[in-house]
Each structure stands twice: as C-alpha cells, then as structure tokens.
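Chain by chain, the residues:
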Amino acid sequence: MSNKISLPSNWVCNGAELKPKTGASSSNTWVLSGREIKPKVSASSSNTWVWDGKELKPKVSASSSNTWVIEGNKTKPKVSASSSNTYDTNGQPILVIAGQLVLRLW
C-alpha cells in the first residue's frame, strides 16, 4: 500500500479543527463535532459527513459508493476497493483523512 494519508505543511489539525496555517477563517475551517465533520460556518446536511467510528459517509444521500471504511491503519472505499484507492492512514486523525479523501482540500 503506497498511498498514505498526510497533512500538508500548510494545514494544521488539532483533532477538533482542520484549517490552513495561514489565512484560516471560519469559512475554510472544518470541525469534528460529535460524530459530524462539517464546515465551521454555513454547515448543512449536504456538506456534512458522519463518522461512526468505522465508516465515513455523507449525512444525506449516503450509499455504498460514497462511503469510506477505516479499518486499523487502512482506509478504502466500501465498494470497489483496490490497491490504487486504499490508503495507509499513517496515524492521522479522522479530520485529516476526511480532508484528503472526501473534501479534497489538498
């Protein structure tokens, strides 16, 4: 597994918030609030993801094809997983995993 989740040097994450190191604002900061990953402001059901401790999926319109499964140190799509779309979590918190894979922040 050569794909690794990593936090770029221009982003910071304290486990509860994920934001750019410079130019961070409420509009480009993501938060983990309970089981939900959402923007710090203007959160809605359509831009909120749910983390249940094993799966990361959209709050609305979740399906097997847009759900990610985190098992141990691996993250992969719930369906059609292959070596090219399976990632080593590299010890990163769920916010960093979500930032890279589902939010595509970097």
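Our structure's up above, just so we're on the same page.
Keep in mind that this is a model prediction, so the values were computed, not measured.

A. Spatial organisation of the packing of aromatic side chains. Under the criterion given, the structure shown has 2 aromatic pairs. With a centroid separation of 5.4 Å and an interplanar angle of 50 degrees, the aromatic rings of W11 and W106 are classed as tilted. Here the residue W11 occupies a position in strand β1 (residues 11-13), and W106 occupies one in the segment after α1 (94-101), the gap between them amounting to 95 residues.

B. Molecular detail of the sheet that holds strand β2 (residues 17-20). Pairing within the open sheet is antiparallel, and its 9 strands lie in the order β1-β2-β3-β4-β5-β6-β7-β8-β9. Two strands in the sheet have a free side with no partner beyond their single neighbour: β1 and β9 (87-88). Here strand β3 (residues 30-33) runs beside strand β4 (residues 36-39); their pairing, made up of 4 bridges, is antiparallel. The residue bridging S33 from the neighbouring strand is E36, located in β4.

What counts, and where the lines are drawn
- Residues numbered from 1 in each chain as written.
- Predicted model: local features only at pLDDT ≥ 70, side-chain atom pairs only at ≥ 80, totals over all residues.
- Heavy atoms only, no water.
- Phe/Tyr/Trp six-rings, centres within 6.5 Å; stacked < 30°, edge-to-face > 60°.
- Helix = DSSP H or I, 4+ residues; strand = E, 2+ residues; numbered from the N terminus.
- Pairing = 2+ DSSP bridges.

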